[in-house]
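A structural walkthrough
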Amino acid sequence: MRTLHEPAREIPIVTEADVVVCGGGPGGVSAAIAAARHGAKTLLIERHGYLGGLATAGLVAPVLGHTASESHIPIVEGLLREITERLNAIDGAPSWEDSLLEWGIRFDAEALKYVLDQMCAEAGVQVLFHTQIADVFTADDRIEAVIIENKSGRQAVAGRIFVDGTGDADIAFRAGAPTTHGREWDGRGESMGSFFHLGGVPEVSAERMREITELIEHEMEDGRFAFYNSGFMGKNTHHRDHTSANMTRFAGDSARNADLTRGEAYVREQVWELVRLLRAHVPEMADIYVQQTSPQIGPRESRQIVGPYALTGDDIHQGARFDDAIARGSWWIDIHCPLGHTYPVHLCTVECPRGVNCPYWVAEHDHMRSKAELYPPKGGWYDIPYRALLSIRIANLLASGRCISATHEGMAGARVMGTCIAIGQAAGTAAALAVAADVSLQELDVQQLRRVLREDGQYV
Ligand SMILES: Cc1cc2nc3c(=O)[nH]c(=O)nc-3n(C[C@H](O)[C@H](O)[C@H](O)COP(=O)(O)OP(=O)(O)OC[C@H]3O[C@@H](n4cnc5c(N)ncnc54)[C@H](O)[C@@H]3O)c2cc1C
């Protein structure tokens, strides 16, 4: 490979903060708000021009993980409840009480962008939009600064504690901290996917809907569509003038730019093929249109940090409890086929219809879970331990959101947005408490952290 030699250049340190939060998704923005509310000078760095991560940039909805397994009892409140109530006040989500009755919190992504801007501003979080974290500067197994790139050039941001909310553990990885990637067998993570919104979709009778669904399934069976389900009428968002479908699937590594690039074009092509089919063969759908595809393809899984503890599939299924619990999760081991197979393939379980045609199934079927072994106990939850947020190498780093320390199975449950927001609230609070007490993240009094989280409305 040809290389360029760049002579050493001085990089200006533009800001110094107590807590530098990297990435403004559910895990990052909640960390930033919590840290700032607890008195830390907090900077939040986000590459998009708005906050919310996949909740806005991926059009992902609804927020899952807010209630105990198969129940209406809340297990996450705190910032999640506040966000929901603020959304509800501007007609961007149902009320909190109504949300508890549903499987997830439906919301409007534009309203969420606005609410998160307001919450950050009120808390005193300094936000840097349109800023890519390009590198990390370390000394003695501590992060000294992150190197950022934006329209103002290449700069450095120094801090005392760094929260990795990039989803892909970019900060841990670039700092040289150990990370894992996908399942142990072949390093593959769950497949990516994109939501899309269709407009001009009329209501049709249940019988007619069955016929349309059969038409789409026929195309999927024949391999003309690579969707994993036929739910183009999905109603996952708060507003009813469009559908919100979660059908696309692309097997790729979100930590590889080539895969991200191919994935974007691939899912857009699928969406337009679907619209063509519906317009041509379903007279009622002649006027449907693509209202929007998600601004970025959605990664479900890439890198996890390696912490003193990794959340496992058994923890989920058994409803594990930990003395250092800082959040609760209830979503199940929801593994979207890492090889990207589509309808009738959905989840990676021992009942997968590909069976002997799947190399993973052939090698691992003795160890694979059945569908019955995916869920936490009914009415229960599993704890997320503080140790899963720590890095075994980098002393001043916390992970938040979907890149915490977890196995492939463990992260398949903990990755949903309600859980990521609860983890984020804990990460930001922990960072601020450590700064205030002038102790390391490893020395932090976790029972005090839990008390503060409870005072702030969280269940721990
Ligand atoms: C197709 C799909 C369907 C899903 N369905 C659901 C669902 O129905 N309900 C649910 O609750 N969850 C769902 N999820 C999971 C959920 O959306 C994610 O796991 C969750 O958003 C993770 O939050 P996060 O903050 O850890 O990461 P992200 O949401 O990915 O946010 C990371 C943020 O960091 C920023 N960032 C990343 N790298 C950098 C960098 N180097 N510099 C600057 N900024 C950076 C990104 O722009 C982004 O804003 C789904 C995910 C996918 C992909």
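Residues numbered from 1 in each chain as written. Predicted model: local features only at pLDDT ≥ 70, side-chain atom pairs only at ≥ 80, totals over all residues.

Regarding the nonpolar core
In globular proteins that are soluble, nonpolar side chains generally tend to be buried together. In terms of nonpolar packing, the biggest core is built from 135 residues, with Val-19, Leu-398 and Ala-431 touching the most fellow members. In terms of residue count, helix α11 (residues 417–437) provides more of this core than any other element does, 13 residues in total. In contact with Val-19, not counting residues within four places along its chain, are Ala-35, Ala-40, Thr-42, Gly-159, Ile-161, Val-163, Gly-428, Ala-431, Ala-432 and Val-435. (Core = buried A, V, L, I, M, F, W, Y, C linked by C-beta atoms within 7 Å. Buried ≥ 20, exposed ≤ 12 C-beta atoms within 10 Å, placed from the backbone. Helix = DSSP H or I, 4+ residues; strand = E, 2+ residues; numbered from the N terminus. Contact = placed C-beta atoms within 7 Å.)

Notes on the site of the ligand
Neighbouring residues of the ligand: 39 residues in total, closest Gly-23, Gly-25, Gly-53, Gly-298 and Gly-401. Secondary structure elements with two or more residues in the shell around the ligand: α1 (26–37), β4 (132–139) and α11. Its residues assigned to classes, the shell around the ligand shows 15 nonpolar, 18 polar and six charged. (Near = placed C-beta within 6 Å. Nonpolar A, V, L, I, M, F, W, Y, C, P; charged D, E, K, R; others polar.)

Things to note about the environment of Leu-43
Following the sequence through the fold, Leu-43 ends up in strand β2 (residues 42–45). Look past the residues within four positions of Leu-43 in its chain and what remains in contact with it is Thr-15, Ala-17, Val-20, Val-21, Gln-126, Leu-128 and Val-157.

Some words on unusual backbone geometry
For residues besides glycine, phi is generally negative; the peptide bonds are generally trans as well. Here the residue pair Ala-61 and Pro-62 is connected by a cis peptide bond, since its omega of 0 degrees sits within 30 degrees of zero. The linkage connecting Tyr-343 with the following residue, Pro-344, adopts the cis geometry, with an omega of 5 degrees. Examined against the element boundaries, Pro-344 turns out to sit in the loop between β12 (325–329) and α9 (359–364). Within the chain, Asp-140 stands out as a residue other than glycine whose phi angle is a positive 50 degrees. Of note in the backbone geometry, Ala-169 takes a positive phi value of approximately 55 degrees without being a glycine. Tracing the backbone through its elements, the reader meets Ala-169 in the loop between β6 (153–164) and α5 (170–174).

A few points about the packing of helix α2 (residues 78–89) against α11
Following both chains from N to C, one finds α2 and α11 inclined at 120 degrees, their axes separated by 7 Å at the closest point. By the angle between their axes, α2 is oblique relative to α11. Side by side, α2 and α11 meet where Gly-78, Leu-79 and Leu-80 of the first sit next to Gly-418, Ile-421, Ala-422 and Gln-425 of the second. (Axes fitted to C-alpha atoms, helices over the stretch in contact; angles between N-to-C directions. Parallel < 35°, antiparallel > 145°, perpendicular 65-115°, else oblique.)

Focus on the pairing of strand β1 (residues 13–22)
One ladder, built from eight bridges, connects β1 with β6; its direction is parallel. Its bridge partner being in β6, Val-19 is matched across the sheet by Ile-161. In the sheet, β1 pairs with β2 via four bridges, with the strands oriented parallel. Each bridged residue has a counterpart across the sheet, and for Val-21 the counterpart in β2 is Leu-44. Taken together, β1, α1 and β2 constitute a β-α-β crossover, and its handedness is right-handed. (Pairing = 2+ DSSP bridges. Right-handed = clockwise from strand over helix to strand, strands pointing away.)

Section: the domain arrangement of the protein
Domain annotation for the protein reports domain 1 (13–182 + 380–455), domain 2 (195–293) and domain 3 (337–364). If you average the C-alpha positions of domain 1 and of domain 2, the two centres end up 31 Å apart. Contacts between domain 1 and domain 2 engage twelve residues on the former and nine residues on the latter. Considering only residue class, the side of domain 1 that touches domain 2 consists of seven nonpolar, two polar and three charged. (Domains from an automatic or database assignment.)

Points about the sheet that holds strand β9 (residues 242–246)
What the three strands build is an open sheet, ordered β9-β8-β10; its pairing is antiparallel. Two strands bound the open sheet, and with one partner strand each, they are β9 and β10 (289–293). The mean angle between the axes of side-by-side strands here comes to 30 degrees, regardless of whether they run parallel or antiparallel. By the bridge criterion, four bridges tie strand β8 (residues 195–199) to β10 in an arrangement that is antiparallel. Looking at β10, one finds that Phe-196 is bridged to Thr-293.

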